[in-house]
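A structural walkthrough
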Amino acid sequence: MQSKPRQWQWAVPWLFLAPALIVFTWFKFVPIAKGMVMSLHNMKFFGPDEWVGLAHYERAISDSALHAAVGNTLLYVIVSTVVGGVLAFCVALALQDQARHVRIIRTAIFIPAVTSVAILSEIWRIVFYPAANGVANSFIALFYIPAQSWMADPDQALYVVILLQIWKSIPYNMVIFLAGLAGINRELYDAADVDGANVWRKLWHVTLPGLIPAFSVVIMLSFIRGFRVFTEIYTTTGGGPAGRTEVIMTVIFKTGFERLDYGYAAAVSFLLVAFTVLLTVLHITIKNRISRF
Amino acid sequence: MTQTLSQKFARVVLYAFLLIVFCGPFWGILATAFNSATVQPGKLLLWPEEFTLRHFSYAWHEAKAYVYLFNSLLVALIGTALQTLVSAMAAYALARKRFRGMAVVSLAILSTMMLPEEVIAIPLYLTLQAKIPVLDVSLYNTYFALILPVVGWAFSVFLLTEFMKAVPQDLEDAARVDGASELQIFRHVILPLVKPALGTAAIFGFLMIWDQYLLPLIAVDKRELYTIPVVLRSMRVDEIMQSNIFIAVTVIATVPSVLVYLALQRQFNSGLTAGAVKG
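Note that this is a predicted model, so its numbers are computed, not measured. (Residues numbered from 1 in each chain as written. Chains lettered and ligands numbered in written order. Predicted model: local features only at pLDDT ≥ 70, side-chain atom pairs only at ≥ 80, totals over all residues.)

Moving on, we come to the overall build of chain A. In terms of regular secondary structure, chain A is built from 14 helices and 2 strands. For 293 residues, the compact-globule formula gives about 19 Å, and the C-alpha radius of gyration of chain A, at 25 Å, lies well above that figure. Across its three principal axes, chain A shows a C-alpha extent of roughly 75 × 75 × 35 Å. The proportion of buried residues among the 293 residues of chain A is 40%. (Helix = DSSP H or I, 4+ residues; strand = E, 2+ residues; numbered from the N terminus. Rg over C-alpha atoms; globule rule 2.2 N^0.38 Å. Buried ≥ 20, exposed ≤ 12 C-beta atoms within 10 Å, placed from the backbone.)

The following block contains the structure:
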């Protein structure tokens, strides 16, 4: 429009950005800033908050309950990433065919990945019900294994919830691997055939190197998902039995919403954020290093 | 490719195994929900012994599953629509304009992608309870508290920005010469050209909002505002409910997101790989 005064042109992008900026500011940036301030204070319900400096962060360093939760979270992240990644890679290899029936199977096994975590948790609680006639116990009874207590057993609970994470992430990772497999140059396989390479050599020298970007994405997403895990734990075991499945986020949630210790909860939150950012930077650095070769 | 009989057999066994592992539990809750006799907790059936809709009827009317389903659908649909619109507008500015402060804005939005939403739960809870300036109302315990915090989603902004960047400048220039206003260019030139990306952003947005758990948990404490994922746990924890009825509620809760996925699979898969390759 020629008639529009030119001096208002600068406002156009800001008008388009305004709704996004409002929601991002009010529901993301303000809470982040508020959380940072909270982590330096003792929050009081009456009267002004008390400045405590880095005391909450110091407390986090020597909090043994938090350390146990960090240990559980690390185990959760590492086992679910490795097992979920490797199994998803195998499933992707088995289902990379473009035949119609394979496409249908791929669609069907993706259902857990699009279902709410809260629902998956309820299904998990039914499948791993700790009675002799529960689904999982009936299954292992076929192999003459005695009935287990699963999520009610302090020694098994964490592994059962890790299994839930693996179950949910395999279909998701599979799609990423399938996209990676589709991107591998077919001529490389033909060249390997000419050289007389067998299936395993082709897998090692063509498929795996071609899937490095896919592996990198899978590992990164799985790490980020794992460190922030909350719903999967809260809705299955709630951190129990005896705190054996407590993870960083459930500790933060309980500290904040049950013990109302907002300041300390905010401090632990920020340690988690800092750690996540560090991990992302590390990942990008390693990725760039690899792609340079 | 020729396959020997044993290879074919191995494939069939593998496919069956995968289907049992990933779909079996869903089949089990479906069959159990339709079974007339009440099953013991923890038991799932392969096939209903005597078919009935009684548990669904009870779950719907007495357990009020419709209230929670309505809440979930309302939040997910309105949230998706607002999220896609707000993201598309922001993406238009970031992809098609050059202005001072652009780098700061896009970095700020993108940085929230790295931030685990969960860690701002407590300050977000306090923000929702706080009175909004000017209007002097608090969002806590309203539908707004369930919807507005998910409207800003960096993934959606990022995805749409990438696609809008790919629209040739000539098309925009031609429209401008014809006297089209900014809003007309946005609505009639850019948006139609990125329709597939809008679809992808909307599906992912819907599934993301549908999966929200911590937000509804902290945003409302009135039961009639609960979404279906939140109500599941409280139904299990504080009520004595027959397991078939509880399973029927679980089935009702599972259906919408699975239907959305099955109906819109193509856009979904293209988005998943685009997001994976770029992100």
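What follows concerns the overall build of chain B. Scanning chain B from terminus to terminus reveals 14 helices and 0 strands. Relative to the globule expectation of 19 Å for 279 residues, the C-alpha radius of gyration of chain B, 23 Å, shows a markedly less compact shape. With the C-alpha coordinates aligned to their principal axes, the bounding extent of chain B is approximately 70 × 70 × 35 Å. Residues counted as buried form 41% of the 279 residues belonging to chain B. Considering only residue pairs separated by 6 or more positions, chain B has 72% of its internal contacts joining residues 24 or more positions apart. (Contact = placed C-beta atoms within 7 Å.)

The next thing to look at is the confidence of the model for chain B. The predicted model of chain B averages 88 in pLDDT, with 94% of residues at 70 or higher. Among the scores for the predicted complex, ipTM is 0.89 and pTM is 0.89. (pLDDT = per-residue confidence, 0-100.)

Right, let's talk about the nonpolar core for a bit. Phe177(A), Ile248(A), Val268(A), Ala90(B), Tyr92(B), Leu160(B) and Val249(B) are the most contacted members of the largest nonpolar core, which has 151 residues in total. By residue number, the principal contributor to this core is helix H8 (residues 157-182) of chain A, which donates 17 residues. Every residue in contact with Val249(B), bar those within four places of it in the chain, is listed here: Ala59(B), Ala63(B), Ala65(B), Leu232(B) and Met235(B). (Core = buried A, V, L, I, M, F, W, Y, C linked by C-beta atoms within 7 Å.)

This part takes up the interface of chain B and chain A. Of the residues lining the interface, 67 residues belong to chain B; the matching set on chain A comes to 63 residues. Secondary structure elements with two or more residues in the side of chain B that touches chain A: helix H1 (5-33), helix H3 (65-96), helix H4 (102-114), helix H5 (121-129), helix H10 (195-210), helix H12 (228-238), helix H13 (243-263) and helix H14 (265-278) of chain B. The greatest single-element share of the side of chain B that touches chain A, amounting to 10 residues, is contributed by H1(B). For the side of chain B that touches chain A, the residue count by class is 45 nonpolar, 15 polar and 7 charged. (Nonpolar A, V, L, I, M, F, W, Y, C, P; charged D, E, K, R; others polar.)

Moving on: the environment of Ala65(B). All names here are of chain B. By the element assignment, Ala-65 lies in helix H3. Along the sequence, Ala-65 and Leu-232 sit 167 residues apart, while their C-alpha atoms lie 9.7 Å from each other. Ignoring sequence-local partners within four residues, the contact set of Ala-65 consists of Ala-59, Trp-60, Val-249 and Ile-252.

With that settled, consider the confidence of the model for chain A. When pLDDT is averaged along chain A, the result is 89, and 97% of the positions lie at 70 or above. Of all helices and strands in chain A, the one with the weakest mean pLDDT is helix H14 (residues 262-292) of chain A (85), whereas helix H3 (residues 64-94) of chain A scores best (95).

Another point: helix H11 (residues 212-227) of chain A. With 16 residues, H11(A) extends 22 Å between its outermost C-alpha atoms, agreeing within 8% with the 22 Å of an ideal straight helix rising 1.5 Å per residue. When we look at burial in H11(A), the residues that qualify are Ala214(A), Val217(A), Val218(A), Ser222(A), Gly226(A) and Phe227(A). (Expected span 1.5 Å × (residues − 1).)

All names here are of chain A. Helix H10 (residues 199-210) packs onto helix H9 (residues 186-194) with a crossing angle of 145° between their chain directions and a minimal axis gap of 10 Å. The handedness of the crossing between H9 and H10 is right-handed. Contacts between H9 and H10 involve Leu-188, Tyr-189 and Ala-192 from the first element and Lys-202, His-205 and Val-206 from the second. Considered class by class, the residues forming the contact of H9 with H10 number 4 nonpolar, 1 polar and 1 charged. (Axes fitted to C-alpha atoms, helices over the stretch in contact; angles between N-to-C directions. Left-handed = near helix turned anticlockwise from the far one by under 90°.)

All names here are of chain A. Relative to the helices and strands, Glu-232 resides in helix H12 (residues 231-234). Classification of Glu-232 as buried rests on a count of 26 C-beta atoms within 10 Å. Between the C-alpha atom of Glu-232 and that of Glu-122, which follows or precedes it by 110 residues, the distance is 9.9 Å. With sequence-adjacent residues up to four places away left out, Glu-232 is seen in contact with Val-117, Ser-121, Val-161, Leu-164 and Gln-165.

The subject of this paragraph is the packing of helix H4 (residues 100-109) of chain A against H1(B). Where H4(A) meets H1(B), the closest approach of the two axes is 9 Å, and the angle between their N-to-C directions is 25°. Considering the angle they form, H4(A) stands roughly parallel to H1(B). Relative to H1(B), H4(A) is oriented so that their crossing is left-handed. For the pair H4(A) and H1(B), contact is made by Ile105(A), Ala108(A) and Ile109(A) and by Tyr15(B), Leu18(B), Leu19(B), Phe22(B) and Cys23(B), respectively. Among the residues forming the contact of H4(A) with H1(B), the class breakdown is 8 nonpolar, no polar and no charged. (Parallel < 35°, antiparallel > 145°, perpendicular 65-115°, else oblique.)

Another aspect to go through is unusual backbone geometry. All names here are of chain A. The linkage connecting Gly-240 with the following residue, Pro-241, adopts the cis geometry, with an omega of -10°. As for its placement among the helices and strands, Pro-241 is situated in the loop between H12 and helix H13 (248-258). Phi at Trp-150 takes a positive value of approximately 50°, unusual for a residue other than glycine. Tracing the chain through its elements places Trp-150 in the loop between helix H7 (135-141) and H8. Here Trp-150 falls in the buried class, since 23 other C-beta atoms lie within 10 Å of it. Even without being a glycine, Ala-242 presents a positive backbone phi close to 55°. Relative to the helices and strands, Ala-242 resides in the loop between H12 and H13.

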